[in-house]
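Secondary and tertiary structure notes
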Amino acid sequence: MDSLWNELTFAFSRTSMFPFFDIAHYLVSVMALKHQPGAAAMARKNPLSSWFTAMLHCFGGGILSCVLLAEPPLRFLANNTNILLASSIWYMIFFCPCDLVSQGYSFLPVQLLAAGMKEVTRTWKIVGGVTHANSYYKNGWIVMIAIGWARGAGGSIITNFEQLVKGCWKPEADIHRLKMSYPAKVTLLGSVIFTFQQTKHLAISRHNLMFLYTMFLVVTKITMMITETAVMPFACFEDTLNWILFGWQQQFSSCEKRSETKSSLNGTGSSTSKPIADASDKVQKKHTKKTE
Amino acid sequence: MDSLWNELTFAFSRTSMFPFFDIAHYLVSVMALKHQPGAAAMARKNPLSSWFTAMLHCFGGGILSCVLLAEPPLRFLANNTNILLASSIWYMIFFCPCDLVSQGYSFLPVQLLAAGMKEVTRTWKIVGGVTHANSYYKNGWIVMIAIGWARGAGGSIITNFEQLVKGCWKPEADIHRLKMSYPAKVTLLGSVIFTFQQTKHLAISRHNLMFLYTMFLVVTKITMMITETAVMPFACFEDTLNWILFGWQQQFSSCEKRSETKSSLNGTGSSTSKPIADASDKVQKKHTKKTE
Amino acid sequence: MDSLWNELTFAFSRTSMFPFFDIAHYLVSVMALKHQPGAAAMARKNPLSSWFTAMLHCFGGGILSCVLLAEPPLRFLANNTNILLASSIWYMIFFCPCDLVSQGYSFLPVQLLAAGMKEVTRTWKIVGGVTHANSYYKNGWIVMIAIGWARGAGGSIITNFEQLVKGCWKPEADIHRLKMSYPAKVTLLGSVIFTFQQTKHLAISRHNLMFLYTMFLVVTKITMMITETAVMPFACFEDTLNWILFGWQQQFSSCEKRSETKSSLNGTGSSTSKPIADASDKVQKKHTKKTE
């Protein structure tokens, strides 16, 4: 029984991402790009730029990790097969007559399947990033976490940056950049876990861990898509950690006041601007709740 | 006769860019910088920053290709001779008493000669980029095209980026960044051609190809400068390709409408914002026509 | 006596930066970050982003020099000890109850001591950068100067860039980015000096030079802090150099006018916009004088 489980997870961890899971990943990424306002019009107006943006959406994480490790960002272009695969998916999504692909994708089961398969690729990327960083820095566990995180969730950072350079970027958007999205959080968690497993601080075999983490990813993702609520599985844990680390100083409100008056006498703008910023913070929290 | 032609083109392909063609390239680049509004004032106000911008204008393509291949972007600084050459040209153009250089450059024949010689350097850069990328990725022909393109026409991208960081960058400018300029197009064409030649898909010797492509570059450039019209030698070819790839779906306007209504019911902002964007696209096209 | 001096300076040049001088550097950098408006509020709202910004403030120079030499920018993360040290200082400064650290830092003697020790680290960084660049490019003295400069004063560039990406960046700020700050100037001077010493153009042993340059840095910094004036030790030298290089053309005002009218006839926007820009330049100079 145990050996059977082991064999199952081992076989799962040996699954090749290449044709099908990659296709799902490209499909979800490019559809996310197409649902941005004006993306379809931009594709007709300037196909090359739209293709470039789509490639960034598909390979952003790898590019970011390459930049952080000073490897050629163009390496992803050297893999001709994946490029052609992603390009054809981009072409079908944007230029298919009667917009067939988008209509097919608009059915919920298709979306669920594609999203689930995309989450599977996330695990593979994190593991790849952690092991790759480990080959560079033996015990640089911070680097491992960073690279695993970048490869798993770095696409959003790259695309934000690309929008900035292109000029179609609004100051309001940087709220989202400051607030971590759910994928970023869960990828950070996975990156930490796999780094500990790599450095032998977790007494669990990698293929078991990969299987469990992938199951967790897929289940949460699909539940979040069906019940259209941003269910945070570890929101409470997060709040606790937040309070332990950064919240408990709030009880010293009395001397906080004193220091504020002091430092405002010192003329540092920081503490004086704190109340306003906190207020705006609350407002924005409400706002994000609404939008979710 | 044939051997004579071969010897001629071979000798041409062995021409060294160093003193004269490089000088022409630096001259044209820095004059283009000086003709930007406020550049001369900025040079008096802050010479170091102006010198840095001029270096980016002169070596931008090489820097971009270095970044894309994860090579030190500072390598161009290691070539002291070229740096001193470009710096002295920058100094003469910006700080020559009585603005002699600019006045000399304002004569058309000088401009024609300099522009023609600059186009020659473009061929050399493309070939250098393609062969350099080939030494990294044996059959990564997409990488070869990208590197050849970046080294030949990447200066504009770098300078745009630098303007963005400096803050003297306007949202209107990103129209030009989205629309490919004529040099970018012709460099892309050359990069594709030389990549095919490199991968033995074109049965023509490199020095012949270099000679023909350079002649094509110089002739088109000089004709464009004399008859002050942006004559597009392959505009019709472009339109045909554009229609074959992206235009023919337009005929399915009926179901296009249907899908639009559908997806707007799905609440995706893309298709709803399409008509507006198309309209603005037409307007802008007219505008660019006018400005040309 | 001479040997005693030599031993002293040699011992000084062998001083390890690690625990104490690094702590002073991190303290000054993070306090500078905290004094930015809204930084304290942002730390409570989004600790991770604040931590990231603090790391950029502490290790910015190293990151920039890594980028310029195409080395992994993440290398600084591989040094776990320094990261933990800087992180704990960041935590104490931002989240210490009653803001004790800021209050302790608000005493002038503490500030003087920390600032002086930070200046010592600057010398070490410049020397490290110059020697490091020398190991790459044997006689690329421009590269040596650039790397020494980047490692010694590159933090401000990196943080400006990070603010740009984050969106909390104002166009007015780019005045400060165009104008070189005092640390940037003195670091450039030091980088030039140590490069000449490296290339054997200065007949002085390195440890003597390090001692003298560090003394110069510390003394000027502390005097500038005590007498709260931006005393420029080599302002006159600067002006002379500026006039020799770029000022003497002003006397040709007569033909300057002519060329202006000429080139404005040629329709180049540069010279026409010159007078306005010059005026604005004067205004801004007054303004900066006031603010200093």
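Just so we're clear, the structure is a prediction, and the values are computed from it rather than from any experiment.

Thoughts on the overall build of chain A
Within chain A one finds 16 helices and zero strands. The buried share of chain A, reckoned over its 292 residues, is 49%. In chain A, of all internal contacts separated by at least 6 residues, the share reaching a separation of at least 24 is 73%. For chain A, the exposed area adds up to about 14,200 Å²; of that, 71% sits on carbon and sulfur atoms.

A short note on the packing of aromatic side chains
According to the stated counting rule, one finds 30 aromatic pairs over all chains in the structure shown. Between B:W90 and B:F94, the ring centres sit 6.2 Å apart and the planes meet at 45°, which makes this aromatic pair tilted. With B:W90 and B:F94 both in helix 6 (residues 80-95), this residue pair falls four residues apart, about one helical turn. Across the pair, exposure class does not vary: B:W90 and B:F94 are buried alike. For the pair C:Y136 and C:Y137, a centre-to-centre distance of 6.2 Å together with 35° between the ring planes defines the contact as tilted. What makes C:Y136 partly exposed here is its relative accessible area of 38%.

Some words on the side chain of C:T195
Residues and elements named next belong to chain C. Along the chain, T195 falls in helix 12 (residues 182-198). We classify T195 as buried; its relative accessible area is 0%. Discounting residues that sit within four places of it in the chain, T195 has contacts with V130, W141, M144 and I145.

Some thoughts on the confidence of the model for chain A
Residues and elements named next belong to chain A. Overall, the predicted model of chain A reaches an average pLDDT of 77, with 77% of residues at or above 70. Every residue in residues 171-177 scores below 50 in pLDDT, and together they form six contacts with partners more than four places removed in sequence or on other chains. Every residue in residues 256-292 scores below 50 in pLDDT, and together they form 34 contacts with partners more than four places removed in sequence or on other chains. Across the interface, the model reports ipTM at 0.72; the global pTM reads 0.77.

Quick word on the state of the cysteines
According to the stated counting rule, one finds zero disulfides over all chains in the structure shown. Take B:C58: it sits in no disulfide, and the sulfur closest to it among the cysteines is that of B:C66, at 16 Å.

Comments concerning the environment of A:V130
Residue and element names in this part refer to chain A. Mapped onto the secondary structure, V130 falls in helix 8 (residues 108-136). Judged by relative accessible area, which is 1%, V130 ranks as buried. Linking V130 and M144, residues 14 residues apart in sequence, is a C-alpha distance of 4.8 Å. Non-local contacts of V130, meaning those with residues more than four positions away in its chain, are made with M144, G148, S191, F194, T195 and Q198.

Considering the packing of helix 2 (residues 19-34) of chain B against helix 8 (residues 108-136) of chain B
All names here are of chain B. The contact between helix 2 and helix 8 brings their axes to 8 Å, and the two run at 110°. Overall, the two elements helix 2 and helix 8 adopt an arrangement that is roughly perpendicular. In the packing of helix 2 onto helix 8, the handedness of the crossing is left-handed. Within the contact between the two elements, helix 2 uses F20, F21, D22, A24, H25, L27, V28 and S29 and helix 8 uses A114, A115, M117, K118, V120, T121 and K125. Here the residues of the contact of helix 2 with helix 8 are counted per class, giving nine nonpolar, three polar and three charged.

Rules used throughout
- Numbering of residues starts from 1 in every chain and runs along the sequence as written.
- Written order decides the labels, with chains lettered from A and ligands numbered from 1.
- Totals for whole chains, interfaces and linings use all residues, but because this is a predicted model, local features are given only for residues with pLDDT of at least 70 and pairs of side-chain atoms are given and counted only at 80 or more.
- As a convention, hydrogens and water are excluded, and side-chain values are obtained from all of the structure's heavy atoms.
- Segments assigned H or I by DSSP are reported as helices when at least four residues long, segments assigned E as strands when at least two residues long, and all are numbered from the N terminus.
- Each residue gets one of three labels from its accessible area relative to the maximum for its type: buried under 20%, exposed over 50%, partly exposed in between, using a 1.4 Å probe on protein chains only.
- Residue contacts follow a heavy-atom distance rule, with two residues in contact if any of their heavy atoms lie within 4.5 Å.
- The method behind every accessible area is Shrake-Rupley, applied with a 1.4 Å probe, and residues are considered shielded solely by the protein chains displayed.
- Only the six-membered ring of Trp is used, alongside the rings of Phe and Tyr, when aromatic pairs are assigned; centres must lie within 6.5 Å, and planes under 30 degrees apart are stacked while those over 60 apart are edge-to-face, with the rest tilted.
- Each residue carries a pLDDT score, the predictor's own confidence in it, on a scale running from 0 to 100.
- Here, a disulfide means two cysteine sulfur atoms that sit within 2.5 Å of each other.
- Working convention: axes come from line fits to C-alpha atoms, limited for helices to the stretch in contact. Angles between N-to-C directions cover 0 to 180 degrees.
- Each angle receives one of four descriptions, namely roughly parallel if under 35 degrees, roughly antiparallel if over 145, roughly perpendicular if within 65 to 115, and oblique otherwise.
- By convention, the crossing between two helices is left-handed when the near helix turns anticlockwise from the far helix through less than a right angle, and right-handed when the turn is clockwise.
- Residues are sorted three ways: Asp, Glu, Lys and Arg are charged, Ala, Val, Leu, Ile, Met, Phe, Trp, Tyr, Cys and Pro are nonpolar, and all the rest, Gly among them, are polar.

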